[in-house]
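# Results of the structural survey
If you want the building blocks of each chain, they are given just below.
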Amino acid sequence: MIRRAFLTTGAAAATLLALPIHAAPLDYTPGLVKDRLAAGETVFLDFKASWCATCKAQEQVMDRLKAENPEYEANITFIAVDWDTYARSQFTQRLRVPRRSTLVVLKGDGEVGRLIADTREVKIRELMDAALAASSV
């Protein structure tokens, strides 16, 4: 009986280890982006709302791309910015973010690229690739 339980537990653990595990994006707080950029990181901002269908579609594409290429998460800092909380903040206005479902990549003092309400995998991949390229500079 103990052997059977051990084998079952071992098989379950092996199955869990085989599943891709993605780190959840960091939740935006004031000062976080500034600190991460000052540390030399490439920052990928996802301005989103929990109720936004376009945001969900973008998230699904990004998760799929992260699963295909672990270098994204290893080299890019992903930060989720809650649109309902920060839509009118100085941070959002300074970046000229017009709406939720906006993706912005920053490195140093500059913007690497952005997408607004675009859910096409090819475009999101291009932005993530640009972020990855910026991370190696």
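Our subject is the structure that appears above.
Residues numbered from 1 in each chain as written. Predicted model: local features only at pLDDT ≥ 70, side-chain atom pairs only at ≥ 80, totals over all residues. Heavy atoms only, no water.

### Some details on the packing of helix α3 (residues 53-68) against helix α7 (residues 121-135)
- Two elements in contact, α3 and α7, have axes whose closest approach is 10 Å; the angle formed by their N-to-C orientations is 60°. As far as their axial angle goes, α7 and α3 are oblique. When you trace α3 past α7, the crossing you get is right-handed. The residues of α7 that touch α3, namely those facing Q58, V61, M62, R64, L65, K66 and E68, are E121, I124, R125 and M128. (Axes fitted to C-alpha atoms, helices over the stretch in contact; angles between N-to-C directions. Helix = DSSP H or I, 4+ residues; strand = E, 2+ residues; numbered from the N terminus. Parallel < 35°, antiparallel > 145°, perpendicular 65-115°, else oblique. Left-handed = near helix turned anticlockwise from the far one by under 90°. Contact = heavy atoms within 4.5 Å.)

### Here's the deal with the packing of aromatic side chains
- Per the stated rule, a full pass over the model turns up 4 aromatic pairs.
- Geometrically, the ring pair formed by Y28 and F91 is stacked, given 4.7 Å between the ring centres and 20° between the ring planes. Of this pair, Y28 sits in the loop between β1 (26-27) and α2 (32-38) while F91 sits in helix α6 (residues 90-94); the two residues are 63 residues apart in sequence, bridging distant segments of the chain. Like Y28, the residue F91 is buried in the burial classification.
- Between F44 and F78, the aromatic rings sit 5.0 Å apart at their centres with planes inclined by 40°, giving tilted as the arrangement. With F44 in strand β2 (residues 42-48) and F78 in strand β3 (residues 76-82), this residue pair connects regions lying 34 residues apart in the sequence. (Phe/Tyr/Trp six-rings, centres within 6.5 Å; stacked < 30°, edge-to-face > 60°. Buried < 20%, exposed > 50% of the residue type's maximum accessible area, 1.4 Å probe, protein only.)

### Notes on unusual backbone geometry
- In this model, R96 sits at a positive phi of 55°, which is unusual for a non-glycine residue.
- Take R96: it is sitting in the loop between α6 and β4 (102-107).
- One non-glycine residue with positive phi stands out, namely S101, at about 65°.
- With respect to the helices and strands, S101 occurs in the loop between α6 and β4.
- By relative accessible area, S101 is classed as buried at 0%.

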